[in-house]
Amino acid sequence: MKRKITLVIAAAILAGATLAAAALGATRSASTTRVSKGAVVALGQTSLGSVLVNARGRTLYVFEKDKHGRSACYGACAKYWPPLLTPAKPRAGKGLRAALLGISKRTDGKQQVTYAGHPLYNFFGDQKAGQTNGEGLTDFGGAWDAVAASGHAIEPTSSGSAGTGSGYGGYGH
């Protein structure tokens, strides 16, 4: 009789431990579920109107030398025009079509964010939100333009415009 009671108690303890472990496991896995840490692309207001911006509100640009969704900007070019990189699927901010966001693999294996098939870049001369100092520059063999929500480049309005700032042109000529 004592042996039966001991077995019943042992079985109850084992069942309780199993349930507790299952509950803790479910709690642990729910708390470690990760939210996408992909780069955010949003719309921001500039002197050019609404343009694509990064999470800090800085203008994003496209490079006309890029072909077939692949970057042509490496080395010194990427120092002045850092690619918008992402460790995960990029996220669209208000006013943008998430379906136009994508990823292109760079030669170093990193993932660069694309919009409407065009790799996106920051410009080292834009130090705060709303600046468009890179607009219309022709550094490293091609023109650089801010991007509208449609995915089209915003072209300079006059032949003399080389961005809304000065002193950043001429790299790579």
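Below you will find a few notes about this structure. (Residues numbered from 1 in each chain as written. Predicted model: local features only at pLDDT ≥ 70, side-chain atom pairs only at ≥ 80, totals over all residues. Heavy atoms only, no water.)

This brings us to the overall build of the chain. Secondary structure summary: the chain contains two helices and eight strands in total. Reading the secondary structure of the chain in the N-to-C direction produces α-β-β-β-α-β-β-β-β-β. The burial tally for the chain puts 35% of its 173 residues in the buried class. Summarising the internal contacts of the chain: among those between residues at least 6 apart in sequence, 66% fall at separations of at least 24. (Helix = DSSP H or I, 4+ residues; strand = E, 2+ residues; numbered from the N terminus. Buried < 20%, exposed > 50% of the residue type's maximum accessible area, 1.4 Å probe, protein only. Contact = heavy atoms within 4.5 Å.)

Residues Tyr61, Phe63, Cys73, Cys77, Trp81, Tyr121 and Trp144 are the most contacted members of the largest nonpolar core, which totals 17 residues. Where this core is concerned, the elements lending two or more residues are β2 (49–53), β3 (61–63), α2 (76–80) and β8 (144–146). Ignoring sequence-local partners within four residues, the contact set of Trp81 consists of Tyr61, Cys73, Tyr121, Asn122, Phe123, Gly134, Leu137, Asp139, Phe140 and Trp144. Grouped together as the second largest cluster of nonpolar side chains are 13 residues, Val41, Leu60, Tyr115 and Val147 included. (Core = buried A, V, L, I, M, F, W, Y, C linked by side-chain atoms within 4.5 Å.)

Across five bridges, the pairing between strand β1 (residues 40–46) and β2 is antiparallel. Considered in β2, the bridge of Leu43 is made with Leu52. Between β1 and β2, which pair antiparallel and follow one another directly, the connecting turn spans two residues. (Pairing = 2+ DSSP bridges.)

Moving on, we come to the side chain of Ser71. As for its placement among the helices and strands, Ser71 is situated in the loop between β3 and α2. What makes Ser71 buried here is its relative accessible area of 12%. Engagement of the side chain of Ser71 in a polar contact is seen with the backbone nitrogen of Cys73, the distance being 3.0 Å. Reaching out from Ser71, the side chain makes a polar contact with the side chain of Arg106 at a distance of 2.9 Å. Here Ser71 is in contact with Asp66, Arg106, Gln112, Pro119 and Tyr121, once residues within four sequence places are set aside. (Polar contact = N/O pair within 3.5 Å; in protein donor to acceptor, adjacent residues only side chain to side chain.)

Read from one edge of the open sheet, three strands run β2-β1-β4, paired in mixed fashion. Each having just a single partner strand, β2 and β4 (91–92) make up the two edges of the open sheet.

Evaluated as defined, the whole model comprises one disulfide. Between the sulfur of Cys73 and that of Cys77 lies a disulfide, 2.0 Å long from S to S. Its S-S torsion of approximately -110° makes the covalent link between Cys73 and Cys77 left-handed. On the basis of relative accessibility, which here comes to 0%, the residue Cys73 falls in the buried class. (Disulfide = S-S within 2.5 Å.)

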